[in-house]
Amino acid sequence: MSIDFPFMYEHVGDILKGVPTTLLIAVISMVFGLVIGTIFALIRKRKVPVINQVIVVFVSFFRSTPLIVQLFAFYYGTPVLIEWLNKVWQLSLDPDGVSSLTIVLFVFTLHSAAYLTEVMRSGLKSVDDSQIEAAITVGLRIQHILMRIVIPQALGYAIPNLGNQFIALIKGTAIAFVVQVTEILAISQIIANDGYRFVEVYIIASVIYWIMALFFEWVFGKMEARVGKYLYQT
């Protein structure tokens, strides 16, 4: 069996149509996951009673269970939850009203937040406490200290791990096709089933994922080099 290169050339454009959805899932879940993860990391750093323990359980659960299991649990569990709410609170919500993409974004955000909580916690530990003490001495408020001194530096220290997590999210979006979200792998599967050219289609998909990973690895590498020269002066 030989590889049909004309078939591959013909369908590259079709598979590339899944890139926007793939990036949409990765970017949105990364942004919101980073916000949640930063807040959780600050809470863990200050060891806020009760909430800290809840966050520990949250992080442990989402880091210790497969992403596809989490996705299925929310995909099939959301209609059940809505029906229960309708029954208990006498609501009239549509159990099937939540789109597959919305569920994917929600699950990926929580999954990302669990990992980014630990990433940002490590970044916060890298910020010298003497800077915080100096800022308090000159009269800066705690919110200003966090937003202007602590969090920017923590993000700077965390850039390598942030890059790894973003690339992992891009690769992880491949499982979104199991809940009928048409990203790269979903389109590849459709084309492969129609043309019975599975090897060709998955080679194209693999190269697309590879190129995206290389590109964002380069982007985060540039960010690390640019921010690093300022961090090391502190």
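This structure is a prediction, so every number in the text was calculated from the model and none was measured.

Thresholds applied
All residue numbers here refer to positions counted from 1 along the written sequence of the relevant chain. Two thresholds apply to this predicted model, a pLDDT of at least 70 for residue-level local features and 80 or more for giving and counting side-chain atom pairs, whereas whole-chain, interface and lining totals are computed over all residues. Excluding hydrogens and water, the side-chain figures rest on all heavy atoms present in the structure. Here a strand is any run of E in DSSP of at least two residues, a helix any run of H or I of at least four, and the numbering for each starts at the N terminus. We call a residue buried when its accessible area falls under 20% of the maximum for its residue type, exposed when it is over 50%, and partly exposed in between, using a 1.4 Å probe and counting protein chains only. Think of it this way: a Phe, Tyr or Trp ring, Trp meaning its six-membered ring, pairs with another when their centres are within 6.5 Å, and the plane angle makes it stacked under 30 degrees, edge-to-face over 60, tilted otherwise. Between Lys or Arg on one side and Asp or Glu on the other, a salt bridge is scored when a side-chain nitrogen of the former is within 4 Å of a carboxyl oxygen of the latter. The contact rule is simple, with two residues in contact once any of their heavy atoms fall within 4.5 Å. Patch membership needs two things, relative accessible area over 30% and no salt bridge, and members are linked within 9 Å if like-charged or within 5 Å if nonpolar (Val, Leu, Ile, Met, Phe, Trp, Tyr). Under the convention used here, a 1.4 Å probe and the Shrake-Rupley method define accessible areas, while residue burial counts only the protein chains that appear. Nonpolar cores were defined as sets of buried Ala, Val, Leu, Ile, Met, Phe, Trp, Tyr and Cys residues, with membership established by side-chain atoms within 4.5 Å. Helix axes are fitted to C-alpha atoms over the stretch in contact, other axes to C-alpha atoms as well, and angles between N-to-C directions run from 0 to 180 degrees. We call a crossing left-handed when the near helix sits turned anticlockwise from the far one by less than a right angle, and right-handed when that turn is clockwise. In this classification, Asp, Glu, Lys and Arg are treated as charged, Ala, Val, Leu, Ile, Met, Phe, Trp, Tyr, Cys and Pro as nonpolar, and every other residue, Gly included, as polar. In a helix, the anticipated span is given by 1.5 Å times the number of residues less one. For this classification, under 35 degrees means roughly parallel, over 145 means roughly antiparallel, 65 to 115 means roughly perpendicular, and everything else is oblique.

Engineer: Help me understand the overall build of the protein chain, please; the structure alone is not making it clear to me.
Structural biologist: Scanning the protein chain from N- to C-terminus turns up nine helices and zero strands. Its helices and strands taken in sequence order, the protein chain reads α-α-α-α-α-α-α-α-α from the N to the C terminus. Expressed along its principal axes, the backbone C-alpha trace of the protein chain runs to roughly 70 × 55 × 25 Å. The proportion of buried residues among the 234 residues of the protein chain is 41%.

Engineer: Please clarify how the packing of aromatic side chains should be interpreted in this entry.
Structural biologist: Each aromatic ring pair is characterised by the separation of its centres together with the angle its planes make. Tallied over the entire structure, the rule returns 11 aromatic pairs. Ring centres of Phe40 and Phe58 lie 5.5 Å apart, and the angle between their planes is 85 degrees; this geometry places the pair in the edge-to-face category. Within this pair, whereas Phe40 is found in helix 2 (residues 19-46), its partner Phe58 is found in helix 3 (residues 51-64), the two being separated by 18 residues in sequence. According to the relative accessible area criterion, Phe58 is buried, its value standing at 17%. An aromatic cluster is built from Phe166, Phe215, Phe216, Trp218 and Phe220, whose rings are joined through pairwise contacts.

Engineer: What am I meant to see in the pattern of salt bridges here?
Structural biologist: Close approach of charged atoms lets side chains of opposite charge pair. Taken as a whole and assessed by the stated rule, the structure comprises five salt bridges. For the salt bridge of Lys17 with Asp14, the shortest nitrogen-to-oxygen distance reads 3.8 Å. Through salt bridges with shared partners, one network takes in Asp4, Arg197 and Glu200.

Engineer: Would you explain the environment of Ala135 in this entry?
Structural biologist: Relative to the helices and strands, Ala135 resides in helix 6 (residues 129-137). Through-space distance from the C-alpha of Ala135 to that of Ile149 is 8.6 Å; in sequence the pair is 14 residues apart. Setting aside residues no more than four positions away along its own chain, Ala135 makes contact with Leu140, Ile145 and Ile149.

Engineer: Help me out: how do you make sense of a nonpolar patch on the surface in this one?
Structural biologist: On the surface, a nonpolar cluster with roughly 750 Å² of combined accessible area is contributed by Ile3, Phe5, Val199, Ile203, Val207, Trp210, Ile211 and Leu214. Element by element, the count of residues in the nonpolar patch is highest for helix 9 (residues 198-231), at six residues. Structurally, Val199 is set in helix 9. By relative accessible area, which is 44% here, Val199 ends up partly exposed.

Engineer: Explanation requested: the nonpolar core in the structure shown.
Structural biologist: Proteins that are soluble and globular tend to have nonpolar side chains buried together. Val104 and Ile184 are the most contacted members of the largest nonpolar core, which totals 53 residues. Looking at this core, the element that brings in the most residues is helix 7 (residues 142-172), giving 12 residues. If near-sequence neighbours (up to four positions away) are discounted, Val104 is found in contact with Ile25, Leu71, Ala176, Val179 and Val181. Of all hydrophobic cores here, the second largest spans eight residues; its members include Ile43, Phe58, Val59 and Leu110.

Engineer: Any chance you could explain the packing of helix 5 (residues 100-125) against helix 7 here in plain terms?
Structural biologist: In a pair of packed helices, the angle between the axes and the distance between the axes together describe the arrangement. Running from N to C, helix 5 and helix 7 point in directions that differ by 145 degrees, and their axes come no closer than 8 Å. The two elements helix 5 and helix 7 cross, and the hand of that crossing is right-handed. Listed contacts from helix 7 to Phe108, Ser112, Tyr115, Leu116, Val119, Met120, Gly123 and Leu124 of helix 5 are Val150, Ala154, Leu155, Tyr157, Ala158, Asn161, Leu162, Gln165, Leu169 and Gly172. Here the contact of helix 5 with helix 7 is built from residues that sort into 13 nonpolar, five polar and no charged.

Engineer: What am I meant to see in helix 3 here?
Structural biologist: An α-helical turn contains 3.6 residues, so a residue and the one three or four places further along point in the same direction. Look at helix 3: 20 Å from first C-alpha to last across 14 residues, which is about the 20 Å you get at 1.5 Å a residue. Elements in contact with the buried residues of helix 3: helix 2, helix 4 (67-89) and helix 5.

Engineer: Any chance you could explain the packing of helix 6 against helix 7 here in plain terms?
Structural biologist: For the pair helix 6 and helix 7, the least separation of the axes is 11 Å and the interaxial angle reads 170 degrees. Viewed along their axes, helix 6 and helix 7 adopt a mutual orientation that is roughly antiparallel. Touching Gln131, Ile132, Ala135 and Ile136 of helix 6 are Ile145, Ile149, Val150 and Gln153, all from helix 7. Of the residues in the contact of helix 6 with helix 7, the class split is six nonpolar, two polar and no charged.

Engineer: What is the right way to look at the environment of Met8 in this model?
Structural biologist: Turning to its location among the elements, Met8 is positioned in helix 1 (residues 5-16). Sequence separation between Met8 and Glu183 is 175 residues, and the spatial gap between their C-alpha atoms is 18 Å. In this structure, Met8 is in contact with Ile3, Glu200, Ile203 and Ile204, ignoring residues within four places of it in sequence.

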